[in-house]
Amino acid sequence: MALNLQQRLDRLRVRLDELKCWRAREGIPVERWTLDGQPIVVGAAWPDRRGVHRFAATAEVPEHWPLEETRLLLDLGGESLVTLSYPNRDSVSFGVDPYHRELPLRHRQVAIAAEATAREPFGVPVRVPRLNRAGLQWLDLPVHRFHLLLRQVAEACVALSGHDVVPHLLDAAEAAHRSLDWPSDTQNYVARTAPSPHQQRIWELPEIADKPAALDQGQRASVVTAHEQLVAALRDLQKRYPQQGELILTGHAHIDLAWLWPYDETRRKMRRTFHTAVGLMDASEDFRFNQSTAHYYAQMEEDDPALLQQIKARAASGQWETVGGMWVEPDTNMPTGESLTRQILYGQRYFERHFGRRHTVCWLPDCFGFSGALPQLLRQGGIESFFTIKVNWSETNRIPADLFWWEGLDGSRVLAHTFDNPYGGYNGELQPDAYMQTWHNFKSKALHDTSLLAIGYGDGGGGTTPEMVEREQQLRDFPVLPRARWGLVADYFAAAHERSTEVRLPVWSGEIYLELHRATLTTQSNVKRLHRQAERALITAETAASLAHLLGGKAPRSLEKYWRVVLKNEFHDILPGSSIREVYQDAERELSGVIDAGKAAQIAALDELAAHLQAGHGDGLLVVNPSLSVRRIGATDRTVAPLGVAVVPRDIPATQGLTVSKTHLENGVLSVALNDDGTIRSIIHKPTGREALAGTGNQLWVYPVDKPRNWDAWDIEEDYAERGEHLTALESIEVIEHGPARAAVRLVRRYRASTITQTYVLLANSPRLDIETTLDWHDRRTFLRTLTPVAARSERATFECANGVVRRSTHQNTSWDQAMYEAAAHRFIDLSEPGFGVALLNSAKYGHNVRGNVLGLSLVRAPINPDPLADEGTQSFAYALYPHAGEWHEGGVREEAEDLNQPLLTREVSGLAQGVLTPLTVGGIPAAMSGLKPAEDGGGLVFRVYEPAGRRGDFEVEADGWSTAPVTIMEEPQQRSAELGLLPFEVRSWKLTR
């Protein structure tokens, strides 16, 4: 009776299970262990599962075992870094986790030391950790190799289901298996097969031999012959059925800097993973491994400098590839353009300094969408290629290409590639189905004949396994499957760039929006607020110190060490709010420290400025404008010029005309009417006479069914608004300030266990209504938003992003529009029609939408996983409604958002002459400030701006007594063919030297 293919495949799998029982020839236990200095036996529980624990033991390999066929098998009960020390003083370390438990030995006597935590790779606690297994094993290598090869044949039959080659593969496997001379004596056979799952289900097994015999020499010879026979058959089939397509394999271990574990554990994960990768390079000259993130190598300088030296040697030989060119793999939706610039600047400089080269590939496999600002910054940083996987996670629409030019806001392009591997994604498993599906899913195969595939366990690290390396060698002989070889990511992109000169690749223009993980713009709001304040504290400190230097003060000191802390906390599972509580305890402490350091540096800069200003008489106020916008001084009519340093009288009278009651606030620009429930009934913009609202403003809505089907901290379901509660009940409302400089009305609401305190604030001369908000939040899985319908209509709304703006649809015509129901903005969103518009500004938030004429801002979420107490407790922030004449860029929206986020620097002074100095001036079209900082090399300063609105025109920079020369973000001479000083959304830098 002929079996069908599935039946034959099932039979092969059963026979594979039998082979596995003879994989080890002999084994002996490793005993006499200590745990933290106290004896522990194999099988015993750890006395304490918390913290880091240290195991130790010694072992000796029997004389008759070949050392190259010996393995140390360890399962200590968690993840471990195991160091093996030998009598010749040599030592080597390996990571031990569920995927890495067999270690090679270099000497017959070995001392074993392990640093272990009771955790699984994804931070999952081992509730009752035990010393599960410790032994030496003599592998029967012919059996091991033949068993693995047969497994891969069986897997290939599944991967190639329906292909003509499958019956031939089964024929070859069956013929090879039938040729085996296999043992069958009862005592040894029953003992060998007893550990198998099938036999372990028997009611009661008979007495079995302790040390069942291995294969004899004749039987082992039959295995060698069968293996050779199968390889020959595969090679013959490959001639008849050639391999299709090509994959460049890169060993990989995506190590999240912090996620489901705190950063201290990441430091241990790095060492475990990196030692494992170096060990694989010792065993295989073909193997290649890539690792991004300058921060990791900088950390290794402290934690394991000897390992870093090994990595540098492997990088020099071409086996270890440092990629990415950035300090970490950051979120790119929320950091400022200056932060993204520093990611590249400090990352590239670190790699160049320690590895002798910069990088040409941006490696961001796991971020939650990508800002359109990125291509320009990458190109200025010498990076011309971009890799990610995450675009494949979009649930509704997919970018229609996987090898394409990604065009940024300004028109700069980088060559982008993504692969779609359903078997682990960027944590790929090396097996036939991963080969087949990755190649099958490669949409651009007609344009380029090669794709990438990253191989190795990741997210929690670990990386490539010895079996994966061995599998690659075997799969070289298989038919039909794509050709695959270890290679370098940079070489892959170099070949793709060369190919792009011969074919026309598609272009994706603008941001790459991820249709998933939208809640990462809101979750863990406190860290998002601290991050923004830390960015601003450093940028402002550098600016003030640089202005002092331009006026004759001492050269500003580098704040790179503080920037490194900010950049670290921009990692794509920290800033987005998707980590455990311990991560945010660390982040809040670190970012608060940066803010304190930045503010101290600002004070020192003001001292330096005061010391270099002209002497005068009387008391005054030193005011520094750290932006390129004309700014109001408090609630007065006085202003200070862009980058101006002014000394003004201490007591300037406030602008007249401010009035306030419980239902009304008014100044010379705005007339604001409140409803009895504390919502806003009307905002009249006096300069135009326009009503800004088309309904009730500042509606607070709570959505109590914020319960995603997956990814609790990451996601907002599209139906979240199906049940919403409009908060109208007031606990209190009162006037708390009534001028002359500032009017304020405070109202308090309650929602279940939470309290919302909001204060409407109108300054005497202000064109915006601030809404200062304090949440005392104690409700889980609830979502709070503010909604304001405005009296403006447009098919597109403006959202600020890094180094510019994005225009997004206000309608839902297409599936792409519908899927963008929550999107990133930095300091403002705006809806304008010709002649008038209304902006919603904020000081600490990122999640927004505009549907029709309704401006929406997300204020707080409260997921329970992975942090059950996310956003619990008190947090304060502000947002503002700002009506204006003209389009957003005509009405000063960005400038007003700057004022909300970064107040002028002020300090009381005595004995200084009043007046205004502008040590650095600009002329031409309006530009936005990015940074003014000390140059990295050779002294001087670097001044950086960007065009924020999509205009082009003349632009000049002048500083009296200083020369200016255009440079890239790497602070190197910039070659630029454009005649105009500034192009749409262009980032430009100048180096200033005396």
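Here's a quick rundown of the structure. This one's a predicted model, so the numbers in the text were calculated from it and none came from an experiment.

Looking only at helices and strands, one finds 19 helices and 52 strands in the chain. Dimensions of the chain, computed from C-alpha atoms along their principal axes, come out at roughly 105 × 65 × 60 Å. Buried residues in the chain amount to 61% of all 994 residues. The long-range share in the chain, meaning contacts at least 24 apart out of those at least 6 apart in sequence, stands at 74%. Of the side-chain charges in the chain, 106 are positive and 128 negative, and the distance between the mean point of each set is 1 Å.

Helix H8 (residues 294–303) packs onto helix H7 (residues 263–283) with a crossing angle of 90° between their chain directions and a minimal axis gap of 11 Å. Classified by the interaxial angle, the pair formed by H7 and H8 is roughly perpendicular. Note on element contacts: H8 touches H7 through His295, Tyr296, Gln299, Met300, Glu302 and Asp303, opposite Tyr263, Thr266, Arg267, Met270, Arg271 and Phe274. Looking at the contact of H7 with H8 residue by residue, the class counts come to five nonpolar, three polar and four charged.

Its 14 residues give helix H3 (residues 165–178) an end-to-end C-alpha distance of 20 Å, which sits within 8% of 20 Å, the value for a rise of 1.5 Å per residue. Among all positions of H3, only Val165, Val166, Leu169, Leu170, Ala172, Ala173, Glu174, Ala176 and His177 are buried. Where H3 is buried, its residues touch helix H1 (5–20), helix H2 (141–159) and helix H6 (217–240).

Attention now goes to the sheet that holds strand S1 (residues 24–29). Here we have four strands laid out as an open sheet, ordered S1-S10-S5-S8, and antiparallel in their pairing. Each of the sheet's edge strands pairs with one partner strand only, and the pair in question is S1 and strand S8 (102–104). Strand-to-strand twist in this sheet, taken as the mean axis angle between neighbours without regard to direction, amounts to 30°. Pairing of strand S5 (residues 70–75) with S8 involves three bridges; the strand directions are antiparallel. Within the sheet, the bridge partner assigned to leucine 72 lies in S8 and is leucine 103.

A few words on a nonpolar patch on the surface. Together, Tyr99, Phe122 and Val124 line one region of the surface with nonpolar side chains, adding up to about 240 Å² of accessible area. By secondary structure assignment, the location of phenylalanine 122 is in the loop between strand S9 (109–117) and strand S10 (133–139). For phenylalanine 122, a relative accessible area of 34% puts it in the partly exposed group.

All told, the structure shown has 37 aromatic pairs when counted by the stated rule. Plain terms: the ring middles of tyrosine 751 and tryptophan 777 are 6.3 Å apart, the flat faces sit at 15° to each other, and that makes the pair stacked. Pair noted here: tyrosine 751 is in strand S33 (residues 742–751) and tryptophan 777 is in strand S35 (residues 769–777), with a separation of 26 residues, a long-range link. Across the pair, exposure class does not vary: tyrosine 751 and tryptophan 777 are buried alike. Cation over ring: arginine 532 sits above tyrosine 846, and NZ or CZ is 4.6 Å from the ring centre.

Here the focus is the side chain of histidine 572. Following the sequence through the fold, histidine 572 ends up in the loop between helix H16 (560–568) and helix H17 (581–611). Here the side chain of histidine 572 touches histidine 254 through a polar contact of 3.4 Å, side chain to side chain. Setting aside residues up to four positions removed in sequence, histidine 572 forms contacts with His254, Asp256, Glu329, Pro330, Asp331, Asp366, Cys367, Phe368 and Ser578.

In this model, glycine 739 is joined to proline 740 through a cis peptide bond whose omega is 10°. Within the fold, proline 740 resides in the loop between strand S32 (732–738) and S33. Cis peptide bonds are those with omega within 30 degrees of zero, and the linkage from asparagine 865 to proline 866 qualifies with 10°. Within the fold, proline 866 resides in the loop between strand S43 (854–860) and strand S44 (873–885). Despite not being glycine, glutamine 524 has its phi angle at roughly 55°, a positive value.

Time to look at the environment of aspartate 216. Within the secondary structure, aspartate 216 sits in the loop between helix H5 (197–200) and H6. Residue classification places aspartate 216 among the partly exposed positions, given a relative accessible area of 40%. Considering only alpha carbons, one finds aspartate 216 and arginine 25, 191 residues apart in sequence, at a separation of 9.9 Å. Looking at aspartate 216, its side chain comes within polar contact range of the main-chain nitrogen of glycine 218, at 3.1 Å.

What follows concerns the pattern of salt bridges. Scanning all chains against the criterion turns up 68 salt bridges. Arginine 342 is paired through a salt bridge with glutamate 338; the nearest N and O atoms lie 2.7 Å apart. Of this pair, arginine 342 and glutamate 338 both sit in helix H10 (residues 337–355), four residues apart, which is roughly one turn of that helix. Take arginine 342 and glutamate 338: they sit in the same class, and that class is buried. Close ionic contact of glutamate 822 with arginine 785 constitutes a salt bridge, the shortest N to O distance being 3.4 Å. With a gap of 37 residues between them, glutamate 822 in the loop between helix H18 (815–819) and strand S39 (823–824) and arginine 785 in strand S36 (residues 783–789) connect regions that are remote in the sequence. Judged by its relative accessible area of 1%, arginine 785 falls in the buried class. Counted as one network, the salt bridges with shared partners bring together Arg631, Arg632, Arg768, Asp770, Glu896 and Asp899.

Reading guide: rules and limits
- Residues numbered from 1 in each chain as written.
- Predicted model: local features only at pLDDT ≥ 70, side-chain atom pairs only at ≥ 80, totals over all residues.
- Heavy atoms only, no water.
- Helix = DSSP H or I, 4+ residues; strand = E, 2+ residues; numbered from the N terminus.
- Buried < 20%, exposed > 50% of the residue type's maximum accessible area, 1.4 Å probe, protein only.
- Contact = heavy atoms within 4.5 Å.
- Lys, Arg positive; Asp, Glu negative; His and termini not counted.
- Charge placed at Lys NZ, Arg CZ, Asp CG, Glu CD.
- Axes fitted to C-alpha atoms, helices over the stretch in contact; angles between N-to-C directions.
- Parallel < 35°, antiparallel > 145°, perpendicular 65-115°, else oblique.
- Nonpolar A, V, L, I, M, F, W, Y, C, P; charged D, E, K, R; others polar.
- Expected span 1.5 Å × (residues − 1).
- Pairing = 2+ DSSP bridges.
- Patch = residues over 30% accessible without salt bridge, like charges linked within 9 Å, V, L, I, M, F, W, Y side chains within 5 Å.
- Areas by Shrake-Rupley, 256 points an atom, 1.4 Å probe, with all protein chains shown as cover.
- Salt bridge = Lys/Arg side-chain N within 4 Å of Asp/Glu carboxyl O.
- Phe/Tyr/Trp six-rings, centres within 6.5 Å; stacked < 30°, edge-to-face > 60°.
- Lys NZ or Arg CZ within 6 Å of the ring centre and 35° of its normal.
- Polar contact = N/O pair within 3.5 Å; in protein donor to acceptor, adjacent residues only side chain to side chain.

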